[in-house]
Amino acid sequence: LIEHHPTHNTPTMTTLHITVGDREQLREDALQFVQDVEADDLDDQDGKETLQFGTYDDFVDSLTPLRLELIRAIAEDAPESMREAARLVERDVSDVHSDLKQLEVLSILTFKEGGPSGAIQPVVPFDRIEVHIDYPLIDSGDADGTPASA
């Protein structure tokens, strides 16, 4: 399960906060987000962009080392097109295009129409990514497998 909680768009660079694994917190945050939407109260969210993954596997499947390298290259070098982004990371254009589309779905980057050469320009609106991983090593249930709260 992946939840994205966008806040209002700001032209300044920001930190993308990524949380992984705390399913109960993920549920609570999703409920709070729905309540905020219903109350039209999104502007009070403290300006944080947060991307949440329900499991560690979801996280590593979505943000592979190649995709992280691509994100960094776009943030650092501001390529004017997808093709230029592919050249920066020395990868095939079709593979980079696929990764860029996935990163757009996750709202890690956006596309700006009509770059200097008329191409679609990938843009990373963040200057930093912070990741918090909640990775329990021991199941919180009792030895017989029933949850501790049961």
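One structure accompanies this document, and this report is about it. None of these values were measured; they are calculated from a predicted model. (Residues numbered from 1 in each chain as written. Predicted model: local features only at pLDDT ≥ 70, side-chain atom pairs only at ≥ 80, totals over all residues. Heavy atoms only, no water.)

1. Details of the overall build of the protein chain
When helices and strands are tallied, the protein chain shows five helices and six strands. Helices and strands in the protein chain line up, N terminus first, as β-β-α-β-α-α-α-α-β-β-β. For the protein chain, the proportion of its 150 residues judged to be buried stands at 31%. A sequence separation of at least 24 residues applies to 69% of the contacts in the protein chain between residues at least 6 apart. Of the roughly 9,600 Å² that the protein chain leaves accessible, carbon and sulfur atoms contribute 49%. (Helix = DSSP H or I, 4+ residues; strand = E, 2+ residues; numbered from the N terminus. Buried < 20%, exposed > 50% of the residue type's maximum accessible area, 1.4 Å probe, protein only. Contact = heavy atoms within 4.5 Å. Areas by Shrake-Rupley, 256 points an atom, 1.4 Å probe, with all protein chains shown as cover.)

2. Brief notes about the packing of aromatic side chains
Considering all chains together, one arrives at two aromatic pairs under this definition. Consider the rings of Phe53 and Phe59, whose centres lie 5.7 Å apart with planes at 70°: the pair is edge-to-face. The exposure class assigned to Phe53 is buried, which follows from its relative accessible area of 2%. What makes Phe59 buried here is its relative accessible area of 11%. Both rings, one in Tyr56 and one in Phe59, keep their centres 6.2 Å apart while their planes meet at 45°; by these two values the pair is tilted. (Phe/Tyr/Trp six-rings, centres within 6.5 Å; stacked < 30°, edge-to-face > 60°.)

3. Description of the environment of Thr55
By the element assignment, Thr55 lies in the loop between β3 (49-53) and α2 (56-62). For Thr55, a relative accessible area of 21% corresponds to the partly exposed category. In this structure, the C-alpha to C-alpha distance between Thr55 and Gly21, residues 34 residues apart in sequence, is 4.6 Å. From its side chain, Thr55 meets the backbone nitrogen of Asp58 in a polar contact 3.0 Å long. (Polar contact = N/O pair within 3.5 Å; in protein donor to acceptor, adjacent residues only side chain to side chain.)

4. Section: the environment of Ala78
Here Ala78 is to be found in the loop between α3 (65-77) and α4 (82-89). Classification of Ala78 by relative accessible area gives partly exposed; the value is 44%. Considered as a pair, Ala78 and Val123 are 45 residues apart in the sequence and their alpha carbons are 6.9 Å apart.

5. Quick notes on α3
Over its 13 residues, α3 extends 18 Å from the first C-alpha to the last, a length consistent with the 18 Å expected when each residue adds 1.5 Å. Those residues of α3 that fall on the buried side of the exposure criterion are Arg67, Leu70, Ile71, Ala73 and Ile74. One side of α3 holds all its buried residues, which, seen down the axis, span an arc of 165°. Turned more than 90 degrees from where α3 packs its buried face, Pro65, Arg72 and Glu76 sit exposed. The inward-facing, buried residues of α3 contact α2, α4, α5 (93-105), β5 (121-123) and β6 (126-133). Immediately beyond the C-terminal end of α3, within one or two residues, lies Ala78, with a positive phi of roughly 45°. (Expected span 1.5 Å × (residues − 1). Arc of directions from axis to C-beta.)

6. Observations concerning α5
Every α-helix carries 3.6 residues per turn, so stepping three or four residues along brings you back to the same face. Over its 13 residues, α5 extends 18 Å from the first C-alpha to the last, a length consistent with the 18 Å expected when each residue adds 1.5 Å. Of the positions making up α5, those classed as buried are Val96, Asp99, Leu100 and Leu103. Each buried residue of α5 lies within a common arc of 105° when the element is viewed along its axis, so the set occupies one face. Looking one or two residues beyond α5, the residue adopting positive phi is Ser107, at roughly 65°.

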